[in-house]
Amino acid sequence: MKALRFGLSVLLVAAVLALYRAVHVNNTTVALSLLLAILGISAWWGLAEATVASVAAVLGFNYWFLPPVGTLTIQDPQNWVALLVFLATAVTASQLSERGRRRAAEAEARRTEIERLYALVQSMMFSGNARKTIREFVHTVVRVFGCRAAALYYRSTEEFFRSGPESNVVTDHELLAEAEIEDVSVDSGREVALGPVRLGLRPLGSMALIGRLPSEQMVRAIVNLIALTIERARALEEASHAEAARQGEVLKSALLDSLAHDIKTPLTSIKAAVTSLLSSSDHSERELLTIINEETDRLNRLAAEVIEMARIEAGKLHLEKRPVAVAELISGALADLAPAIQNRPVKVRVPDGLPAAEADHDFAMQVVKHFVENAVKYTPEGSPIDVSAELKSGKIVIGVTDRGPGIEENERVRIFDKFYRGRRHRFDTKGTGMGLAIAKGIVEAHGERIWVESEPGQGSAFYFSLAASPGGRHT
Amino acid sequence: MSAGKILVVDDDPQIRRVMKATLVGHNYEVIEARTGEDALEKTPQEMPNLVLLDMNMPGMGGLETCRALRAGSDIPVIILSVRNSEKDKVAALDAGADDYVTKPFSIEELLARIRAALRRTSPESGPPAFHSDDLEIDFQSRRVHARSKDVRLTPKEFELLRYLVAHAGKPVTHRELLQAVWGPDYGDEPEYLRVFVNQLRKKIEANPAKPKYILTEPWLGYRFVGSTEG
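Here the structure is a predicted model, which is why all the values come from computation and not from measurement.

A. Summary view of the overall build of chain B. In terms of regular secondary structure, chain B is built from eight helices and twelve strands. Out of the 230 residues in chain B, the part that is buried amounts to 40%. Summarising the internal contacts of chain B: among those between residues at least 6 apart in sequence, 56% fall at separations of at least 24.

B. Structural detail: the sheet that holds strand β5 (residues 99-102) of chain B. Residues and elements named next belong to chain B. Spatial strand order, β2-β1-β3-β4-β5: five strands in an open sheet with parallel pairing. Each having just a single partner strand, β2 (28-33) and β5 make up the two edges of the open sheet. When strand polarity is set aside, the average angle formed by the axes of neighbouring strands in this sheet is 20°. Relative to β2, strand β1 (residues 4-9) runs parallel, the two sharing six bridges. Opposite V9, over in β2, you have A33 as the bridge partner.

C. A look at the interface of chain A and chain B. Taken together, the contacts link 23 residues of chain A with 21 residues of chain B. Listing elements by their share of the side of chain A that touches chain B, those giving two or more residues are α7 (216-279), α8 (283-313), α9 (326-336) and α10 (361-378) of chain A. For the side of chain A that touches chain B, the element with the most residues is α7 of chain A, which contributes 14 residues. In terms of residue class, the side of chain A that touches chain B is built from seven nonpolar, twelve polar and four charged.

D. Here's a closer look at unusual backbone geometry. The omega torsion of the bond from K103 of chain B to P104 of chain B falls at -10°, within 30 degrees of zero and hence cis. Relative to the helices and strands, P104 of chain B resides in the loop between β5 and α5 (107-118). Even without being a glycine, E191 of chain A presents a positive backbone phi close to 60°. Summarising the element assignment, E191 of chain A is placed in the loop between β3 (185-187) and β4 (192-199).

E. Up close: the packing of helix α7 (residues 174-181) of chain B against helix α8 (residues 190-204) of chain B. All names here are of chain B. Contact geometry of α7 with α8 gives a least axis separation of 9 Å together with a crossing angle of 75°. By the angle between their axes, α7 is roughly perpendicular relative to α8. From α7, H174, L177 and L178 reach across to α8, where they touch P190, Y192 and L193. Per-class residue counts for the contact of α7 with α8 are five nonpolar, one polar and no charged.

F. Here's a closer look at the nonpolar core. In terms of nonpolar packing, the biggest core is built from 66 residues, with L52, I78 and I79 of chain B touching the most fellow members. Here the element with the most residues in this core is α8 of chain B; it accounts for seven residues. If near-sequence neighbours (up to four positions away) are discounted, I79 of chain B is found in contact with L53, M55, G62, C66, A92, A97 and Y100 of chain B. A356, F363, F416 and F462 of chain A belong to the second-largest nonpolar core, a separate cluster that totals 40 residues.

G. Summary view of the sheet that holds strand β12 (residues 221-224) of chain B. All names here are of chain B. Strand order across the open sheet formed by three strands is β10-β12-β11, with antiparallel pairing between neighbours. The two strands at the open ends of the sheet, each matched to only one other strand, are β10 (171-173) and β11 (214-217). Mean inter-strand twist for the sheet, computed between neighbouring axes without regard to direction, equals 30°. Contacting β10 and β12, α7 crosses the sheet at an angle of about 75° to β10.

H. The confidence of the model for chain A, seen in detail. When pLDDT is averaged along chain A, the result is 84; 94% of the residues meet or exceed 70. Ranking the elements of chain A by mean pLDDT puts helix α4 (residues 78-123) of chain A last, at 81, and strand β10 (residues 395-402) of chain A first, at 94.

Reading the values: the criteria
Note that residues are indexed from 1 along each chain, following the sequence as it is written. Both sets of labels track the order of writing: A upward for chains, 1 upward for ligands. Per-residue local features are limited, in this predicted model, to residues with pLDDT of at least 70; the limit for side-chain atom pairs, both in listing and counting, is 80 or more; totals at the level of whole chains, interfaces and linings are taken over all residues. Put simply, DSSP marks the helices as runs of H or I at least four residues long and the strands as runs of E at least two long, and each gets a number from the N terminus on. Any residue whose C-beta has 12 or fewer other C-beta atoms within 10 Å is treated as exposed, any with 20 or more as buried, and any in between as partly exposed, C-beta atoms being built from the backbone. Residue pairs qualify as contacts under a 7 Å threshold applied to their C-beta atoms, which are placed from the backbone. The rule for pairing is simple: two strands pair if DSSP sees at least two bridges between them. Axes here refer to lines fitted to C-alpha atoms; in helices the fit is confined to the stretch in contact. Angles between the N-to-C directions go from 0 to 180 degrees. Each residue gets one label: Ala, Val, Leu, Ile, Met, Phe, Trp, Tyr, Cys and Pro are nonpolar, Asp, Glu, Lys and Arg are charged, and the others, such as Gly, are polar. Should an angle fall under 35 degrees it is taken as roughly parallel, and over 145 as roughly antiparallel, whereas 65 to 115 is taken as roughly perpendicular and any remaining angle as oblique. In these notes, a nonpolar core means any group of buried Ala, Val, Leu, Ile, Met, Phe, Trp, Tyr and Cys residues linked to one another through C-beta atoms within 7 Å. Confidence per residue, as judged by the predictor, is encoded in pLDDT with a range of 0 to 100.

What follows is the structure, given as structure tokens:
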């Protein structure tokens, strides 16, 4: 290849000389034409070819064109100038073009590396699993960059990922040490490039490439890429855990709903059947059927309370707050409890002009019901119950007061606990012991306060607060 | 003589059994459907006077079935559901149900609701007709014409409108309205009125958000305004 280029260079010079031997022109034209040929040769091929061409051109020019024509003697010192000009042109032009060619080659190499980096990015598996992603990466980087081997140390699981046994040139210990270092190092003698994998200042591990090495800059780009990739995989991993947890909650809620349905369906049949029988029964059966009916109701309440408590504990109360008229809330609760309070003098006190409460209507009504039910349960038959509402420092406070035995101080905190029953009532079978715990859960879900005031021997008063609705001032 | 034909729609066979036994005992004729799809098929064949519809069924749920029934007929529908929240009641009434009963229920309660749903006030009571520039109501033929279009009202919507027009100009309380339209056992269901009045307004008012016929009396009830006052 090289010999061919030398031959062609000499031939080109010979062609110029031959042309001007045939066509008569002055010597300056011949010299300039030769100069052009040398310039061309040095630009296309390089210094060596141009030098050979220069010498050939000087010899030919001297022999055929400079007087005395037909000899190789140089009488005139201007011939030396011609030779020098030819050589200087050859050297300068070839150096310039050589530099250009080198730049182009460098640019080409860089382009190839960037293409490879791009190919690396594209072939990376963006999965939501950091370890799987790293394992994939180690093989992909070897394939794309044509290295012999690669190794990666992942700090968070303290694992070493290697593309194959060839990567043992770099020891685990070296990788461990590299994870603590700031910058990459490329050892072209050992054909080993090492770099820490970091995200900002946070070390994630380190990486080694063995064999044909990309440039130092490229090694830096590769470690940055793997750092980002690991971080992304980790973020995806965490997001999918969060999603799984959320789905668990949804499932729990769906389960509670279906449980409610499954328990209440047979109760519906029993209740419909027994009430149907009751309406047409004679006296002797009536007592027994009444028991079935009452116990069905109790079972239904029990199921409802268990499910409600579970919902509160799962944080699954969906409140739909809107302005609620407090008087209507209380009358609604009392209407629902009508059979239970028929023998009780119940006094309701709601001042005119009390603002509406900002609350979930159904749940707020339930709190009132639990308070009243509680009063009915733990106070003597026939003793009065007062229900009141008032505006106190911007909050609506609803209270239920009884004239029962009262609650001793050490029990007042625990009375809102699930399944807690007052000492005196421990063996009382009425209720589930969840009413006040449910009331507390509802009030707390509203972000409000629930409390009890009591004077042993005098009675107890249960209170809860609700936000006053910013809109209406109706009752 | 049968007191009426009732279609019982519930996926639970025991509930259907007990309903059939009880309702037949009270002189109703009972037909059963296991699913919403089944109910939609049987309704035009059997022409029941009332549908008892379970809310929570596999496949086509109660609400969807109710909407589909409503698209084709004015037949009274009572939704039966284990859920007790106001939201569920409103959703059922919005779907076109006339009433909502929470499971488990006593049979007396259900029978009272059935009687209320089947009952019609006699056409003689109340005004014979109402006319204004964009609303015409003929109470005898049960026809309503609003903004030059015929409007179809469900029986309960019609009764509600009739009662309000009969007391035009005066506020009618929630309780009074509920007892007049649904029956004496009612009175604590203001959400029923909210839903039904909304539906009525959508059908007869030019702008349901700014009603000119059926006005809300805050916390009290509703008032019908004839065009002369408006």
